[in-house]
Protein chains: 2
Amino acid sequence: MNDTSSIQVIDRMVAVLDALASVDKASLKQLAGMTGLHPSTAHRILAAVAAHGWVVRSADGGYQLGSGLSRYARRTDQQDRLRQLALPLMAALRDQTGETVNLVMRDGDEVVYTERAVSRQMMRVEQMIGSRAPLHVTAVGKLMLADAGREACMAYAERTGLPGFTVHTLTSPTLLWQDASRALVRGYAFDNEEAESGIGCIAVLVRDSEGRVLAGLSISAPRERRRDEWAGNLLEVAGRLSGQMG
Amino acid sequence: MNDTSSIQVIDRMVAVLDALASVDKASLKQLAGMTGLHPSTAHRILAAVAAHGWVVRSADGGYQLGSGLSRYARRTDQQDRLRQLALPLMAALRDQTGETVNLVMRDGDEVVYTERAVSRQMMRVEQMIGSRAPLHVTAVGKLMLADAGREACMAYAERTGLPGFTVHTLTSPTLLWQDASRALVRGYAFDNEEAESGIGCIAVLVRDSEGRVLAGLSISAPRERRRDEWAGNLLEVAGRLSGQMG
DNA sequence: AAATTTGATTTCACGATATGAAATGATATA
DNA sequence: TATATCATTTCATATCGTGAAATCAAATTT
């Protein structure tokens, strides 16, 4: 890893930590050798990161990665784990319904399509992974707005002005809140051609064990092929995911 | 967190990452405010860590912790998770057998007692958490030696000289290898007063899904109370733990 | 549209700070 | 005991990170 950024010490520190991650445990000399750093420099860097619990020293003086690093990983690890756990379940859901299944996460005032299992039919709905959409035009987004509460939802409406995408887009704050809050209570939300004409969705939220929203799960299909019964399947998968996430 | 180590930038970087970890997402100005750093400094530090994937920028320019950090956390997180998962199972095992159950990890040429469920009987075996013992005098240690292979076991024997702790300690390299390798095949190992007179153990290994050894699980009891049947219980718990560890 | 504000980013001269050679300590090895 | 090996500390030096200020980019107001 010879990436170089603007701060030398940080690059070197990353090199040391990477070296340490690749071997579980190492002596100062080994680490200095692996990174090409002067032992004195490696020592100083290790002492600095050790002071923050990022590395610990075992009885024989060897260095190991410490538990202090896990506080940063929790969130991102959780997302990776969720993705991994979700993928097979999403594929199964795609096979049951024949339609595209999306795993969607929130970023600011948008949802991001994070993972998907694409329908195998000729006519199908397909979002690019990484693509984005405003909260109020997607089924998942509406659930997330509702979950954030009336106040936050209204603030969102004011902030964005609820731009219309189709004639069906909910562009009135009160209508949006009504629709969203009802969906939240019900447990699943619809998108009736609110983002794109001819396309309909059903979505549910995936939560962690403390009830915090991690992501949304949705099925996107041509409007006339969408079946309301799929809500049940979605809820079951979401429940299973919630259970599997610590 | 005003810990100060020997390297200023690293302290500041930790402060920035901690701030970021506490809020999920933040702007440059917010982070500079939270850490008391000059925006310019915060910006440079963020750019440096971003170059290594430690933080990422979302669509609206906000900073978030990135997945680049998870590579460091995997190992230590795994240990924490194992401990958490093991504790209730260990308590159940303690209640079934009435004896002390230990979760033991390897560190160099020693095993470390990491977690335990202590027997409630008047006469019981009790190791301090964090205490250590050489590999060849413990049941878990012998399994780990065998798992590392004949060569590594012999190297260990040469390196340490297999110091004797009791008259029962295996101080001959070939006897040690025989005993250990047989135990590995069988799936569980005994310690017949090899570490301390009057104390006997049974132990098994806990592995991850790829078969790597994560830890050992042992029951320690006064020699005459030890029951060979406990091996079955231990194996069942170890298997369940292996299954629950990704 | 133009003007204003706010925040992000870049620049740059300065001096604090990380550097690494060498000395010292601490342990293992012969 | 002597010798070697590795970890740690010291310290003079120049490098490297710093932060004030300038610039750039957007959002907001007039």
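This text follows the structure it describes.
Owing to the predicted nature of the structure, the values given are computational and were not obtained by experimental measurement.

Asker: What's the story with the pairing of strand β7 (residues 199-207) of chain B in this structure? I'm lost.
Answerer: The two faces of a sheet get side chains in turn, since along a regular strand they alternate between them. Residues and elements named next belong to chain B. Counting buried positions over the nine residues of β7 gives eight, a clear majority of the element. Note that strand β6 (residues 189-192) and β7 share four bridges and pair antiparallel. The partner of A189 across the bridge, within β7, is A203. Hairpin connection of β6 to β7: six residues between the antiparallel strands, including E193 at a positive phi of 55°. Relative to strand β8 (residues 213-222), β7 runs antiparallel, the two being bridged by nine bridges. Residue pairing across strands places G200 opposite A221, the latter belonging to β8. Hairpin connection between β7 and β8: a loop of five residues separates the two successive antiparallel strands, and G211 in this loop has a positive phi of roughly 90°.

Asker: Just to check I follow, could you spell out the relation of the copies chain B and chain A for this structure?
Answerer: Both copies of the chain are tied together by a single rotation about an axis and a shift running along it. Its rotation angle being 179°, the transformation that places chain B on chain A also includes 0.0 Å of axial translation and leaves an RMSD of 0.2 Å. Taken together, the rotation and translation relating the two chain copies correspond to the operation of a two-fold axis. The rotation axis passes nearest to the C-alpha of B:A73 in chain B, at a distance of 3.1 Å. A shared binding surface is used by both copies, with 100% of the interface residues of chain B retained as interface residues in chain A.

Asker: Sorry if this is basic, but what is going on with the packing of helix α1 (residues 8-23) of chain A against helix α3 (residues 39-50) of chain A here?
Answerer: Two quantities define a packed helix pair, namely the angle between the axes and the distance from one axis to the other. Residues and elements named next belong to chain A. Remark: α1 packs on α3, axes separated minimally by 10 Å, with the N-to-C direction vectors making an angle of 85°. The angle between α1 and α3 places the two elements in the roughly perpendicular class. Facing α1, whose interface residues are V9, R12, M13, V16 and L20, α3 presents T41, I45, L46 and V49.

The rules behind the values
Residues numbered from 1 in each chain as written. Chains lettered and ligands numbered in written order. Predicted model: local features only at pLDDT ≥ 70, side-chain atom pairs only at ≥ 80, totals over all residues. Heavy atoms only, no water. Buried < 20%, exposed > 50% of the residue type's maximum accessible area, 1.4 Å probe, protein only. Helix = DSSP H or I, 4+ residues; strand = E, 2+ residues; numbered from the N terminus. Pairing = 2+ DSSP bridges. Least-squares fit on C-alpha atoms with pLDDT ≥ 70 in both. Contact = heavy atoms within 4.5 Å. Axes fitted to C-alpha atoms, helices over the stretch in contact; angles between N-to-C directions. Parallel < 35°, antiparallel > 145°, perpendicular 65-115°, else oblique.

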